[in-house]
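# Chains, contacts and geometry: an overview
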Amino acid sequence: QVQLVESGGGLVQPGGSLRLSCAASGFPLAYRAIAWFRQAPGKEREGVLCISSSDGITYYADSVKGRFTISRDNAKNTVYLQMKSLKPEDTAVYYCATDLRYTCSGTFGSWGQGTQVTVSS
């Protein structure tokens, strides 16, 4: 069974940067597409972006294009979400999830517990 653990969240100022990590155990992430989601208070969980097993990137949220980048390190079995130019509206709990396919098909299986990102001055 795939287990995912997010880390790297915290409090950052608007315009700041943060890198989130999604570490997996039980299955090599090299064989799965991995997506990042976020959920702000009172809102539904929103897809952010996804990276395929071949490193193709799919953006789910237009608001993060040009600011967020996803990457993977298969040796560490970890996927990263690099965020820059952070805005208060980026404040949310961020989750990673495995896609059921090698590509970013939009069908997800395992989920992590999330890490809190707060953007505030």
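Predicted model, so just to flag it, every value in this text is computed and none were measured. (Residues numbered from 1 in each chain as written. Predicted model: local features only at pLDDT ≥ 70, side-chain atom pairs only at ≥ 80, totals over all residues. Heavy atoms only, no water.)

## Quick word on the layout of surface pockets
There is about 170 Å³ of room inside the largest pocket. Together, 13 residues line the largest pocket, and Arg38, Ala40, Lys43, Glu46 and Glu89 are the ones closest to its centre. Its residues assigned to classes, the lining of the largest pocket shows two nonpolar, three polar and eight charged. (1 Å grid on protein atoms, 1.4 Å probe; cavity = no way out; pocket = protein on both sides within 12 Å on 5 of 7 lines; lining within 4 Å. Points joined across faces, edges and corners; volume = space filled by probe spheres on them. Nonpolar A, V, L, I, M, F, W, Y, C, P; charged D, E, K, R; others polar.)

## Brief notes about the environment of glutamate 46
Here glutamate 46 lies in strand β5 (residues 46-51). In this structure glutamate 46 comes out as partly exposed when scored by relative accessible area, which is 34%. Glutamate 46 has contacts with Trp36, Phe37, Arg38 and Ala61, leaving out every residue within four places of it along the chain. (Helix = DSSP H or I, 4+ residues; strand = E, 2+ residues; numbered from the N terminus. Buried < 20%, exposed > 50% of the residue type's maximum accessible area, 1.4 Å probe, protein only. Contact = heavy atoms within 4.5 Å.)

## Some words on the sheet that holds strand β1 (residues 3-7)
Read across the sheet, four strands follow the order β1-β3-β8-β7 without closing on themselves; strand pairing throughout is antiparallel. Two strands lie at the open edges of the sheet, namely β1 and β7 (68-73), each paired on one side alone. If you compare each strand with its neighbour and ignore which way they point, the axes differ by 20° on average. Looking at chain direction, strand β3 (residues 18-25) and strand β8 (residues 78-83) are connected through six bridges and run antiparallel. The residue bridging arginine 19 from the neighbouring strand is glutamine 82, located in β8. (Pairing = 2+ DSSP bridges. Axes fitted to C-alpha atoms, helices over the stretch in contact; angles between N-to-C directions.)

## Re the packing of aromatic side chains
Under the definition given, this model contains five aromatic pairs. Here the aromatic residues Phe37, Tyr60, Phe108 and Trp111 are joined through ring pairs into a cluster of three or more. Between the NZ or CZ atom of arginine 45 and the centre of the ring of tyrosine 95, over which it lies, the distance is 5.4 Å. In this structure, arginine 45 packs its charged tip against the face of tryptophan 111, placed 3.7 Å from the ring centre. (Phe/Tyr/Trp six-rings, centres within 6.5 Å; stacked < 30°, edge-to-face > 60°. Lys NZ or Arg CZ within 6 Å of the ring centre and 35° of its normal.)

## Here's the deal with the nonpolar core
Ranked by size, the top nonpolar core spans 26 residues in total, and within it Leu20, Trp36, Phe68, Val79, Leu81, Met83 and Tyr94 carry the most contacts. Secondary structure elements with two or more residues in this core: β3, β4 (34-39), β5, β7, β8, β9 (92-99) and β11 (115-119). Sorting elements by how many residues they give to this core places β3 first, with four residues. Listed in part, the six residues of the second largest apolar core include Ala33, Ala35, Phe37 and Cys50. (Core = buried A, V, L, I, M, F, W, Y, C linked by side-chain atoms within 4.5 Å.)

Bear in mind that shape data such as this cannot, by itself, settle questions of function.
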